[in-house]
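Observations on chain architecture
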Amino acid sequence: MLFCFPSFPLVRARSGLHFPGGAARGGGSPDASQTPNKMAAPVLRRCRVWLGAGHRSVGNVAELRDPEGPVAASALCRSAKEMTEKQKRNVPWAAVVGLEIHAQICSNSKLFSGSQVQFAAAPNSLVSFFDASLPGTLPVLNRRCVEAAVMTGLALNCTINKKSLFDRKHYFYADLPAGYQITQQRLPIAVNGNLSYILRKGKNQNEMVTRSVRIKQIQLEQDSGKSLHDDLRSQTLVDLNRAGVGLMEVVMEPDMCCGEEAAAAVRELQLILQALGSSQANMAEGQLRVDANVSVHRPGERLGVRTEVKNINSARFLAKAIDYEIQRQIEELENGGTILNETRAFDFKRGRTIAMRDKEGKQDYRFMPEPNLPPLILRDSKSSPAHTSDQQVVNIDWLRERLPDLPSAKRAKLVECYGIQPQHSFTLLNEDGLVEFFEAVVNATGMAPKKVVGWIIKDILGYLKQYNLEVKESPVSPLLLAELLNLLESGTISSSAAKQVLEVMWKGEGKSPSLIVKEEKLELLQDQNELECICQTVMGAHQKEVADIKKGNKKALNKLIGQVQRTTRGRSDPVLVKQILEKLLS
């Protein structure tokens, strides 16, 4: 740090800053420091007086300090550095998340061969000569896969390239017989799209926030085979059934910041693919696999080093993996460590990511044009040659006209047609088959759709999750639930009795709601005199609540109503019970 004094001459020595005739600041010559100049003594005294008065300047700016405690230059630097580090620690971290999603195309045959596509077939039973990369075999492009990719691109608001190219991506692994993968690196089939998705916020998840993520590109490519590692015998077995299966790789820009956003975006994409029929997108069967690129940085600074978490096959695990990785990177950086550019895997049992391989040295995939496939040419209505049928070319406009309703449009229709809440439409659509279940119940009952949706979301869906069942596996059919709700709507049973009946129905004994009501004697009590007797008995057994009500505590009345419901096993109408209790208490 340079100290400056007004109008005092300074002499630059070979090392350090010297006062005339004084010791060197910063390490000068020993001789110079031991031979003071007599004429410089008064100047030094004046310097000491000026410093004692509390003057100090850094650069060209003078400021005051405490005259009782002089601060050394090194201490000032250290203090400033500590303050900077402290301020830095108080600045929150920003996370950046991008996704690469591989969706298996819903097709009867593979991308470049006629081999059948079937999940869980016997190992190596669905392998053609081309899949095994035998010499002399050539690829033949599957039209169905091209149409699925175009429809997906249209649904994601992408620009469809009328000309796209295939490339070879070279790498060597046991489950890739050819030593390369056919993909679309240079000119993919679709680019520059966007996906809107919904985040549920608030205490009860009632607030719905719409977010958007950019789609960089969609490309067609082959899947690889599957390596089965046998640790017991220290060997790896290869199953080529999956080799050559058609994939769409959907590359999302790093527009997300947490696991919740990434999971919501993937779930929305999954619904879109299923609505289009371009992919079944069953994550449990590996038909939708996600790679997440994650990095953290301080706001205003350059992006941090990213890590890639590979092959996540569950939206719930995706959210957990990303959130763990974000926290891991933050802790590593705050503890003075560095983030490695590496590939990691998510261990769902321990809930953490683990290192797989280093990516610091960029791998050279030696991309080259695929010589055995010509450019993929797509047409629209204007460019389609005359006298050609839709079976001879892939027509973009023809596919656009046949796009089904997408999830966002379906939600809007549910709200408009049935008057249900937007969050309820979101839940109905998120569960496969639940919309159809809901509509079947509404068509078979006289109950208002707003009430029906409450029973389906709270009760039916609750049971499904409790027993880990899908909608199609529900032991209670839409018609049986409709019959139960009709009994409730007609006043034959109470709401609490209906829940008891539903509990019996869920056991799958095949009994109708009417039969269960009759056997369990759950019909609503219609005799008002009998109800008055029951209410008087309950009041006699709960004198404290009666006294509280008479003092003005209205909440105590609900306790009495609940006691009457328990006594009657849910066979009493709460509204009628309330009227009787109020009459007896007046």
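Placed above this text is the structure.
Residues numbered from 1 in each chain as written. Predicted model: local features only at pLDDT ≥ 70, side-chain atom pairs only at ≥ 80, totals over all residues. Heavy atoms only, no water.

Attention shifts here to helix H13 (residues 495-505). Those residues of H13 that sit buried are Ala-497, Ala-498, Val-501, Leu-502, Val-504 and Met-505. With its buried residues spanning 160° around the axis, H13 presents them on a single face. Each element contacted by the buried residues of H13 is listed here: helix H11 (449-466), helix H12 (478-489) and helix H14 (513-520). (Buried < 20%, exposed > 50% of the residue type's maximum accessible area, 1.4 Å probe, protein only. Helix = DSSP H or I, 4+ residues; strand = E, 2+ residues; numbered from the N terminus. Arc of directions from axis to C-beta. Contact = heavy atoms within 4.5 Å.)

On to unusual backbone geometry. With the exception of glycine, most residues fall at negative phi, and the peptide bonds are largely trans. Look at Asn-468: it is not a glycine, yet its phi comes out positive at around 55°. By the element assignment, Asn-468 lies in the loop between H11 and H12. Unusually for a residue other than glycine, Lys-521 sits at a positive phi of about 55°.

Attention shifts here to the sheet that holds strand E10 (residues 180-183). Spatial strand order, E10-E9-E20: 3 strands in an open sheet with antiparallel pairing. Each having just a single partner strand, E10 and strand E20 (368-369) make up the two edges of the open sheet. Pairing geometry for strand E9 (residues 167-170) and E10, over 4 bridges, is antiparallel. Within E10, the residue paired with Arg-168 across the bridge is Ile-182. (Pairing = 2+ DSSP bridges.)

A few words now on the packing of aromatic side chains. Between two aromatic rings, the relevant description is the distance of the centres plus the angle of the planes. Counted by the stated rule, this structure contains 10 aromatic pairs. For the ring pair Phe-317 and Phe-348, a centre distance of 5.2 Å and an interplane angle of 20° mean the geometry is stacked. Of this pair, Phe-317 sits in helix H6 (residues 315-334) while Phe-348 sits in the loop between strand E18 (342-347) and strand E19 (352-358), and the two are 31 residues apart along the sequence. Ring centres 5.1 Å apart and planes at 80° place the aromatic pair Tyr-418 and Phe-438 in the edge-to-face group. Taken together, the residues span a long stretch of sequence, with Tyr-418 in helix H8 (residues 407-418) and Phe-438 in helix H10 (residues 434-444) at a distance of 20 residues. As far as burial versus exposure is concerned, Tyr-418 and Phe-438 are alike and both buried. Connected via pairs of aromatic rings, a cluster forms that spans Phe-112, Phe-130 and Phe-166. Lying across the ring of Trp-93, Arg-298 places its NZ or CZ 4.0 Å from the centre. The ring centre of Trp-455 lies 4.5 Å from the NZ or CZ of Lys-499, which sits over that ring. (Phe/Tyr/Trp six-rings, centres within 6.5 Å; stacked < 30°, edge-to-face > 60°. Lys NZ or Arg CZ within 6 Å of the ring centre and 35° of its normal.)

Right, let's get into the packing of H12 against H13. The contact between H12 and H13 brings their axes to 10 Å, and the two run at 160°. Judged on the interaxial angle alone, H13 and H12 are roughly antiparallel. Our pair here, H12 against H13, has a crossing hand that is right-handed. Judged by residue contacts, Leu-480, Leu-481, Leu-484 and Leu-488 of H12 engage Ser-495, Ala-498, Val-501, Leu-502 and Met-505 from H13. (Axes fitted to C-alpha atoms, helices over the stretch in contact; angles between N-to-C directions. Parallel < 35°, antiparallel > 145°, perpendicular 65-115°, else oblique. Left-handed = near helix turned anticlockwise from the far one by under 90°.)

Okay, the sheet that holds E18 next. Strand order in the open sheet formed by 9 strands is E7-E11-E12-E15-E6-E16-E17-E18-E19, with mixed pairing between adjacent strands. Of all strands in the sheet, those with a lone pairing partner are strand E7 (159-160) and E19, marking the two edges. When strand E17 (residues 307-312) meets E18, the two strands line up parallel, connected through 3 bridges. Note on E18: the bridge partner recorded for Glu-308 is Thr-343. Against the sheet, helix H4 (residues 143-155) contacts E7, strand E11 (190-201), strand E12 (207-222) and strand E15 (246-256), and its axis sits at roughly 150° relative to E12. Against the sheet, H6 contacts strand E6 (94-104), strand E16 (288-297), E17, E18 and E19, and its axis sits at roughly 25° relative to E16.

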